[in-house]
Every structure is written in structure tokens, then in C-alpha cells.
Amino acid sequence: MNGSAADQGAVYDLYNYTCSQGYLLLPAINEYTWGVRARAFLYLLGLLWCFLGVAYVADVFMASIERITSKTRTVRISDPEAENGFRVLELKVWNDTVANLSLMALGTSAPEILLSVIEIVGNNMESGALGPGTIVGSAAFNLLFISAICIYTIPDGEIRRIASVKVFAVTGVSCIFAYVWLAIVLLAISPNVVEIWEAVLTFIFFPLLLLIAYLADKSFYIKKFRGKRQQDQDVVGIPMNSENYVNRPGEDNVKLHGVSDREDEMERLARELGRSEGLPPEEAANILSRHIAQETPHSRGWYRMNAIRSLTGGKKLIPQVTDAFQSLYGDVQATEGDAGEKKSKKPSFDHSDGGKNAVVQFTAASVAVMENEGKVRLGIKRTGLMSIPVSVRVETINGSAVSGEDYKAFDGLVEFKKNEALREVFIEIVDDNEWEPDEFFFVKLRLEPNSNCVLGGVSICEVTIINDDEPGVLAFAKPSFVIKETGLKALIPIVRLGGADGHVSVKWQTKDITAVEGKDYSGREGEIEFENQESTKNLIIPLFESNKVERDESFQIELTETTGGATLGKISKTVVTIVNDEEFNGLVSRILNMTRANLDALELHKTTYMQQFIEAMNVNGGNVATATFVDYILHFCSFFWKILFAFIPPAQYFGGWPAFCISLAVIGFLTAIIGDLASIFGCLIGLEDSITAITLVAMGTSMPDTFASKTAAIMEKTADNSVGNVNGSNSVNVFLGLGLPWLIASIYHGVRGDTFYVQAGSLGFSVIIYSITAVIAMLVLVGRRMSPSIGAELGGPKGPKIICSVAFVGLWVIYIALSVLQTKDIIHVKIGA
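Below: a short report on this structure. Just so we're clear, the structure is a prediction, and the values are computed from it rather than from any experiment.

## Considerations on the overall build of the protein
Okay, so step 1: Along its length, the protein carries 23 helices and 23 strands.
Okay, so step 2: Residues counted as buried form 49% of the 833 residues belonging to the protein.
Okay, so step 3: Looking at the protein alone, contacts between residues at least 24 apart form 75% of all its contacts between residues at least 6 apart.
Okay, so step 4: Carbon and sulfur atoms form 58% of the exposed surface of the protein, whose accessible area is close to 38600 Å².

## Overview of helix α3 (residues 96-122)
Okay, so step 1: Of all the bends in α3, the largest measures some 75 degrees and sits at Ser109, one to four residues before the proline Pro111.
Okay, so step 2: In terms of burial, α3 is a largely internal element, 21 of the 27 residues being buried.
Okay, so step 3: Count one or two residues on from α3 and you reach Asn124, which has phi positive near 55 degrees.

## Digging into the state of the cysteines
Okay, so step 1: Applying the stated rule across the entire model yields 1 disulfide.
Okay, so step 2: For Cys19, the disulfide goes to Cys683, at an S-S distance of 1.9 Å. An S-S torsion of about -80 degrees defines the bridge between Cys19 and Cys683 as left-handed. You can see Cys19 sitting in the loop between α1 (5-9) and α2 (36-69) and its partner Cys683 sitting in helix α17 (residues 657-685), a full 664 residues away along the chain.

## Focus on the sheet that holds strand β17 (residues 504-512)
Okay, so step 1: On the basis of which strands lie adjacent, the open sheet formed by 5 strands has the order β15-β22-β20-β17-β18 and mixed pairing. Looking at the sheet topology across the chains shown, the edges are occupied by β15 (480-484) and β18 (525-530). Recorded for the sheet is a direction-independent mean angle of 25 degrees between the axes of neighbouring strands.
Okay, so step 2: When β17 meets strand β20 (residues 552-563), the two strands line up antiparallel, connected through 7 bridges. The residue of β20 that forms the bridge with Val506 is Thr562.

## So, the packing of aromatic side chains
Okay, so step 1: Enumeration over the complete set of coordinates arrives at 21 aromatic pairs.
Okay, so step 2: For the pair Tyr179 and Tyr770, a centre-to-centre distance of 4.6 Å together with 70 degrees between the ring planes defines the contact as edge-to-face. Of the two residues, Tyr179 sits in helix α5 (residues 165-189) while Tyr770 sits in helix α22 (residues 761-786), which places them 591 residues apart along the sequence.
Okay, so step 3: Relative to Trp641, the ring of Phe640 lies with its centre 5.2 Å away and its plane at 70 degrees, an arrangement referred to as edge-to-face.
Okay, so step 4: Overall, the relative accessible area of 45% leaves Phe640 in the partly exposed class.
Okay, so step 5: Under the relative-accessibility criterion, Trp641 is labelled buried at 5%.

Here is what the cut-offs are and how they apply
- Residues numbered from 1 in each chain as written.
- Predicted model: local features only at pLDDT ≥ 70, side-chain atom pairs only at ≥ 80, totals over all residues.
- Heavy atoms only, no water.
- Helix = DSSP H or I, 4+ residues; strand = E, 2+ residues; numbered from the N terminus.
- Buried < 20%, exposed > 50% of the residue type's maximum accessible area, 1.4 Å probe, protein only.
- Contact = heavy atoms within 4.5 Å.
- Areas by Shrake-Rupley, 256 points an atom, 1.4 Å probe, with all protein chains shown as cover.
- Bend = angle between axes of the 7 residues up to and from the residue.
- Disulfide = S-S within 2.5 Å.
- Pairing = 2+ DSSP bridges.
- Axes fitted to C-alpha atoms, helices over the stretch in contact; angles between N-to-C directions.
- Phe/Tyr/Trp six-rings, centres within 6.5 Å; stacked < 30°, edge-to-face > 60°.

On their own, these measurements won't tell you what the molecule is for.
Next comes the structure, spelled out in C-alpha cells:
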């Protein structure tokens, strides 16, 4: 016989196999013949890919929220000094605190909230483990793990403090209360049952939180004690000619003194970058755009969108600077806040392109030699790439000194070996017995076809041959100088003629003509010293920039007394005229216009359909020059989602509401798929939904927030957008993410006359453990704020920073470990009836 009668009579259901029943949308096809391991791998891959898709559509969703919450209205207020007797101000309709706790919280927590709603609706109004578990797991990850990253990522010695302390206190208390309330509902009032009044109260806590946070933000309880005069001085708007907002705790809008300040700052930096040798205007505008984007305060939604685009290889909201000009960008960042240094510092161009090229140049731009020395030594240095041999040709060029009569011509090849940094050449000087004035000639570097290097900034050296038997005569090189103000300093050469023997000095003083000392230049008086054999010194007079359209102002410098036996020459006075540099001003104007165009392109609500598709089809949104290999990989992985979601209407249309509604619906659909993928994957590898929810799903939905909070912690001057909003999101997750589906389900069961059961079990234990860790975490943050040695929630000394970060991660690991052990019944904790 081929088999037993029982085997021959068995009936196999091809549609009922391992982990195939009880899900909302999946499996989409029959997987009866697939191996369990292969299915688990594919479901994990699909889960990660869908996380990427949800993250990308959340970018569109957050852009619509940014557009909605940035809506303004115009008002007119009386102003006798204005031309028409009033000023037109633009007021933001949305209060920032309300926006952060409502639409912004919905934007960052939409997957968790929608997963909870969809799970109950798709499960015949019965509670599941995945949605609530994801909400609690996400809260633990946000508060503990993300806070740990934010504490540690602040540069050593820097701190970030919560600015909106009252709002943080409200959201911090509500964050703990939300989960304590959740435990009370599940374990105390009506164990394992959610009654209608409990669901209604849970949901009502959401608008109540908005109201309390709004009152704390507006400081109503303080304002009632303030006098009318002080209230009248509050400014409630910004000028209509600006699109920039500065929001402060307790105020919807503040008069934007920073608009003109930012324009002044942009112009100053544009001038500074315009003076950089070899810097193209496009790169200067890119550097300036990145600096302004990083220095401008942003919302939490902005940081989340930037994080999402980094995860998908999309267009960054912070412009990228190419490697060759990173040093210039570092100069701009490093000198920020020190106006004096900024005015005097001139960024230098990196000829080595970040160490990729070997750079050869003279060690000095000019040297002097006594006629009786016989030879002059010139140093040639090599910087940048040192691992290859290079060569450069050295040749002399006549000046007032003539080869053969005053020096011997030189034309030779100088070779550098590997890692050799310095070479010297010697040029012979002809010594005669005739008196003659000081003379000069030039030595030039020239590249050969196989030189393997580039020339640095000092490729020509001036050699002066000095008559050496007298201390010399000191005088100005010319009776007048015309200096462009954009150089920020006047270099006035003082020459030493007829000898260079010994140490001498000369005193100088300035005299105003049409230029004013202290306003147009910095002078008064001083002394210049000449060392033995030194023939030329530059008198440096700092200049101050002026906003005048045309400038032609002068001052005089006079040499007064000498020491060391030197005497004054004929040109003991010189006139310095400061003029405008029209070419330079045109360059600055181009840099500013390109910078404004770059910043306008970053405005999310100004994107068109065409721009959406162009950015979706190109890595880095089309900025290929700064794209990395990782950007290409991420762009390839998310390409399908980018093209698909480019069909969603841009946020600029109809106030952003079409984009809001469509993207929310798409997030809901993808969340339903994610729920099925996570449940089936957990089933295939033997994990309960509650474990999958607090680990894989919670981390997957919170990953964009992780990168967003890290970036906000570094860029912002406060901790509000990094850890300050975490508590609000965690509260909204419970009040809205559980309150709404519980309200729907409890009413449904109430109409049917039965009971809405929510088994506490693992959820109740997880909530209790999280509540304990949350209390500890909040106490640590408050303790850091109150500690004299730290004084802030984030950053501080390296030791305490590391200890707190490790402690927060440890609390998260303990939460995960205890929850898993209780779910697996390894530790026995009876929860619920």
C-alpha cells in the first residue's frame, strides 16, 4: 500500500497554513509552498521597505502641516511715525504650542496612532496587542533612547536648556500622567475592561492638554498681575515685508528685529566670502545658504523632514557644501558671534582641495639681500599631498636689477621627493664697487607638464639687492595711495633706501582730511621698526566698511621721528584715498541674490508639481555634486515611493489641506500593511505581537524622530525641539492614539449591549515599567537642570554627559528586557483580573 487510509483521506487546505489567517490585508498571495525562513526574511525586508515609505510620505504630510500652521492674517495698528499713520503687521494664526501638540504631534506620531485605530477597526472592534504595544514602546524609545542620544551628541562643554519651561513642565507631567491613567484604567477601575466614560475621559484629556499648555505658554496666570502699560508694550506681530518669524515662549509672534539683522549678517558674510581667493560665487552662495539655514530657528517638523530626506537620499533642507570648500564654511561657522574677528579675518582658499593635490610655493613673497652677501637663499615649500614626488621650474625675471650685471640668471628644475616638504635654491649676487640705489628682480615658479602639483598663492618672490654701508633713509614708497574699502585694510609700504645696516625705527601719525578716524579707519599714531638688513615694511591701517553708495574719502599719514641713525626721505607724507570697489560690490550682489534664491528653493510650501517630480527622480533632489554613495543607495531603495508620492498635491495648493488629507490617508493604508507585516513576521519567528510592537515596530516608526532630534539638539540653541517635544508626543499618543479607538470601540460595544475588553496582561506590565522609567528619566533631566556643574538638560561636562546617556539607554534596555521576560512567562507577574 502507498499509505494508510487516514493519510489517503486527509484533506489539505492550501489557504490555511502557518501564519496565514487573522490579518487585515496580508498575505496578498498564496504562500503555502514557501519556506518559513524565506517568508520571514521577505516579510522583514518588506517591513523595512514600508517603514521607508511611511517615512517618505510623512515628509509630504509634515510639509502640509508646516503650510497649515504657518498661515497668517494681516492687521493694521496705529503708528504716528508711519507714512500712512499705521503699520501693517502679519500675525500667525496658529499658536506654536498648540501646533506642536496637535498637528505636529499628529505628524510625528501618525503611524502609531493610525496603527492603533486601524487594528481595532479591522479586528471587529476588538482590542489587539500591536497598536497599544507600539504606542508604549515608542514612548519608551522616544523618552529614553532619543534623550540619551541628544544628551551625548552635544559638543563637549556646550549645553542646551529648555526655554519653554512652563510648557515642558505641563507636557512632562502629562506624559507620566497619561501612562499612569492607562494603568489605572486597565488594572484598577475596571480591570481588563474599558467603559465608555473611561474612553471619553481619555480622549477629552487631549484637548484639555492643549488648553493647559496654551495657558502655560501665554502665562495667563502671570499676566493678570501685570500692569496695563507693560501689556501695551507687548508686540504681537511682524512687518508684512518679511517672511521670517521669531517665536518666543509665551508669545504668538514677536516683532522681528532679526529680519534686518539677518539681512545685515548675510551682506557682511557675502562680503567676507567675496574676498576669498578662488571661491566661485555659486559656492559662496551655497556656503552662505547653509550657514543661514543652520542659524535660523526651525520647528520640530522641519527637523523631522530633514531627517527623512537624509534617510531617503532626497533634497536636504540644509544645503551641502563640497569638500573643497569645507574649510571656508568652517571659517564662517567658527567666527560667528565675533564681529571683530570677522572683519579682520580673510578666508583662505584651499589649493590642495582637502589634501588631494600637492601645493608648491615660496616660503616668502619678498626677501632682501646685502650686495656683499654673494648669494640669496630662497625657500620653496610643499604642502597638501606629500606621498608623491613633484617638480617645479624656477626662473628669474629682470626688474630694476639686470641679470649679468647685478645677479646671475637662474633657470632650473627643483624636485621634491616623497614626503619632502622644503627645498632651497641659491641665486648668485654680483658685488661691484660702485654706489647704486637698491635694486630688485623677481623669481618665478612655473609648472612643467609632469609636475604633479599645483602652485600656491606665493608663486612669485621679489628679491631686493641692498646697498649695505648706511643705516638708510626712510620714506613712503609713493606720495599717495588709492585703496578699495573692500580690502578692510590699507597696506602702506615704507621703504628703506641707501643702506640697511642696523636696527632703525620711525614714528607715524594720521590726520583726517575727509575720512574720520574711528569711523572710516583706525589710525592715530604708532611706530614701525626695521631689523638689520630689512628694507621694506608695510604700515597696516584697518578700514571700516561703509554703506554709502559712493565713497571717496581721504586721510594723511606722516612720518615724524626716526631712530638708529636713519633719516627721513623726501616722501615723508602720503595721502590715502578710500574708494568703492564696484566690481566687488557686483560680486557681493550676485552672491546675495543666489543665496536668497537658494533659501527660497528650500521653502517647503513653494514646491510645484514639476519640482516634486524632478526632486523625486534625482538623487539629493538634483544636487549630484554633494551626493554620497549612501545617498545613491537610499535613493534607489526609496525611488518607488518618491515617484508614487510625487502625485500628491504640493503643500502650496489650497493652504496645504489637500496634501494633508491625501498623505494622511496614504499613511493609514501603509500603516495597515505594516501592522500585518509585523504580525506575520513575529508569528514566523515565534514572537508575540506585544514584543514585536515594543521593539521592531516602535523603533521603525521612531527612527526619523531619532535623527531629527539629534540634528535639532546640535543646531538649536535650546533643547525644546529635541527633547522638549518628546513628552508632548508621548501624551498625544495615549490621549489620541488610544482614546480615539477606545471611544469608537466602547460606543460600538455599548450599542450592542456587550463589553469592550482590553486585556491588561503584557500591556499593563509594560505600562507600569515604562511609567517607573519615565519618572526616573524626568527626575534626571530636572536634576541636570538644577545641578550647578551642568545647569541644562542636554550636554555639559563629558563625564556626567556619558553617565546620563548610558543610564537612559540602560533604562530602555531594562524596560524591553522585563517586558519580554514577562510576555514569555519567564518572570511571573500577575497583571489584571
